[in-house]
2 protein chains.
Amino acid sequence: MKDSIHVGWEGGMSFSTSIHGHKLVVDAKEEFGGNDKGPRPKALMMLALAGCTGMDVISILKKMRIDPEGFNVHIDSELTDEHPKQYTKMHLIYEFKGKNLDTEKLKKAIELSQDKYCGVSASLKKAMEITYEIKIIE
Amino acid sequence: MKDSIHVGWEGGMSFSTSIHGHKLVVDAKEEFGGNDKGPRPKALMMLALAGCTGMDVISILKKMRIDPEGFNVHIDSELTDEHPKQYTKMHLIYEFKGKNLDTEKLKKAIELSQDKYCGVSASLKKAMEITYEIKIIE
């Protein structure tokens, strides 16, 4: 499979692109010569991971006929202080809301994503430590 | 250094977040149960890389007093066909537009980004092959 992206400089520190028809802008903060027209690019690695595994989990739970009232994915990351400043760890918190949710099935869905389906996790695991926990709010 | 992200499920396959005050949504295509409210999350890894190295290069060129008329970063990627579907290669094309641009200085700026400053590249290099080329359009 192949994929591609075309990102254009828009002056200052701003870069824009269209991914699957959706316009996205990244930019730096004012103190680094930017105009804050969009997020800093590095943080998109966390959104890529949360979105990828979140979609897997929701898709697997649907097949298990489990329909949580709410579902959030939080990530707490650690980065190096020295250049190149990079993530050394991402810890995911899968937070489900709902009554009588089957904890074992929730765990199973997450394991399937982390071990079999999530391509972002598969990549990032080679570059940093990826850990996770489950929280259930009744 | 620490960083974090909070991503909320919005029904279907849609997840939204706010990064540095900017709202972002990822979603799946209709054929995978989504509503295409945003891009697929995996492709954000390419934007993270293009934005990170693009900002480095523009910032270094500014210090070198080089001001290109235009600058684009294209990435062509390859992915596995099997689950977990992941990038195996990203090839960057740094495309500069302008007259009498100093090719050696452009190369130097890219090398500094790839070897020293870009934290996204530093991470992704551990997970896949990262290559690049320069194109100059007069």
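In what follows, the structure referred to is the one given above.
Residues numbered from 1 in each chain as written. Chains lettered and ligands numbered in written order. Predicted model: local features only at pLDDT ≥ 70, side-chain atom pairs only at ≥ 80, totals over all residues. Heavy atoms only, no water.

1. A look at the packing of helix H1 (residues 44-63) of chain A against helix H2 (residues 103-117) of chain A
Packed helices, taken two at a time, are described by their axes: the angle between them and the distance between them.
All names here are of chain A.
Step number 1: It is at 9 Å that the axes of H1 and H2 come closest, and there the two elements cross at 130°. Our classification of the angle between H1 and H2 gives oblique. Once H1 is placed against H2, the crossing between them reads as right-handed. Contacts between H1 and H2 involve Thr53, Asp56, Val57, Ile60 and Leu61 from the first element and Lys105, Leu106, Ala109, Ile110, Leu112, Ser113, Gln114 and Tyr117 from the second.
Step number 2: Grouping the amino acids of the contact of H1 with H2 by side-chain chemistry returns eight nonpolar, three polar and two charged. (Axes fitted to C-alpha atoms, helices over the stretch in contact; angles between N-to-C directions. Helix = DSSP H or I, 4+ residues; strand = E, 2+ residues; numbered from the N terminus. Parallel < 35°, antiparallel > 145°, perpendicular 65-115°, else oblique. Left-handed = near helix turned anticlockwise from the far one by under 90°. Contact = heavy atoms within 4.5 Å. Nonpolar A, V, L, I, M, F, W, Y, C, P; charged D, E, K, R; others polar.)

2. So, the sheet that holds strand E4 (residues 70-79) of chain A
Step number 1: Strand order in the open sheet formed by six strands is E6(A)-E5(A)-E4(A)-E1(B)-E2(B)-E3(B), with mixed pairing between adjacent strands. The sheet terminates laterally at strand E6 (129-137) of chain A together with strand E3 (22-26) of chain B, the two strands that pair on one side only. Each adjacent strand pair in this sheet contributes to an overall mean axis angle of 20°, direction not counted.
Step number 2: Note that strand E5 (residues 87-97) of chain A and E6 of chain A share nine bridges and pair parallel. Bridged to Glu95 of chain A within E6 of chain A is Lys135 of chain A.
Step number 3: Along the sheet, H1 of chain A contacts E4, E5 and E6 of chain A together with strand E1 (2-9), strand E2 (15-19) and E3 of chain B; its crossing angle with E5 of chain A, the most-contacted strand, is approximately 35°.
Step number 4: Against the sheet, H2 of chain A makes contact with E5 and E6 of chain A, and its axis sits at roughly 155° relative to E6 of chain A, the strand it touches most. (Pairing = 2+ DSSP bridges.)

3. Description of the state of the cysteines
Residue and element names in this part refer to chain A.
Step number 1: Scanning the entire structure with this criterion turns up two disulfides over all chains.
Step number 2: Disulfide pairing places Cys52 opposite Cys118 at an S-S distance of 2.5 Å. Residue Cys52 is found in helix H1, and its partner Cys118 is found in the loop between H2 and helix H3 (119-124); the two are separated by 66 residues along the sequence. Of the two residues, Cys52 and Cys118, both sit in the buried class. (Disulfide = S-S within 2.5 Å. Buried < 20%, exposed > 50% of the residue type's maximum accessible area, 1.4 Å probe, protein only.)

4. Examining the side chain of His22 of chain A
Step number 1: When you line up the elements, His22 of chain A lands in strand E3 (residues 22-26).
Step number 2: A distance of 2.9 Å separates polar atoms of two side chains, one belonging to His22 of chain A and the other to Asp36 of chain B.
Step number 3: Look past the residues within four positions of His22 of chain A in its chain and what remains in contact with it is Thr17 of chain A together with Asp36, Lys37, Gly38 and Pro39 of chain B. (Polar contact = N/O pair within 3.5 Å; in protein donor to acceptor, adjacent residues only side chain to side chain.)

5. Brief notes about the sheet that holds E3 of chain A
Step number 1: As summarised here, the arrangement of the six strands in space is E3(A)-E2(A)-E1(A)-E4(B)-E5(B)-E6(B), forming an open sheet in which the pairing is mixed. With one partner strand each, in any of the chains shown, E3 of chain A together with strand E6 (129-137) of chain B form the two edges of the open sheet. Looking at each pair of strands side by side, their axes are set apart by 20° on average, direction ignored.
Step number 2: Both strand E1 (residues 2-9) of chain A and strand E4 (residues 70-79) of chain B contribute to a ladder of seven bridges, which runs antiparallel. Across the sheet, Asp3 of chain A pairs through a bridge with Ser77 of chain B, a residue of E4 of chain B.

6. Here we look at the nonpolar core
Step number 1: Formed by 85 residues in total, the largest nonpolar core has its most connected members in Met90 and Leu124 of chain A together with Met90 and Leu124 of chain B.
Step number 2: Sequence-distant contacts of Leu124 of chain B, that is, excluding residues within four places in its chain, are made with Met45 and Leu124 of chain A together with Met45, Leu49, Met90 and Ile130 of chain B. (Core = buried A, V, L, I, M, F, W, Y, C linked by side-chain atoms within 4.5 Å.)

7. Section: the pairing of E3 of chain B
All names here are of chain B.
Step number 1: A large share of E3 lies buried, amounting to four of its five residues.
Step number 2: Both E2 and E3 contribute to a ladder of five bridges, which runs antiparallel. From the neighbouring strand, Thr17 faces E3, where its bridge partner is Leu24.
Step number 3: Linking E2 back to E3 in an antiparallel pair, the connection comprises two residues, with His20 at a positive phi of about 50°.

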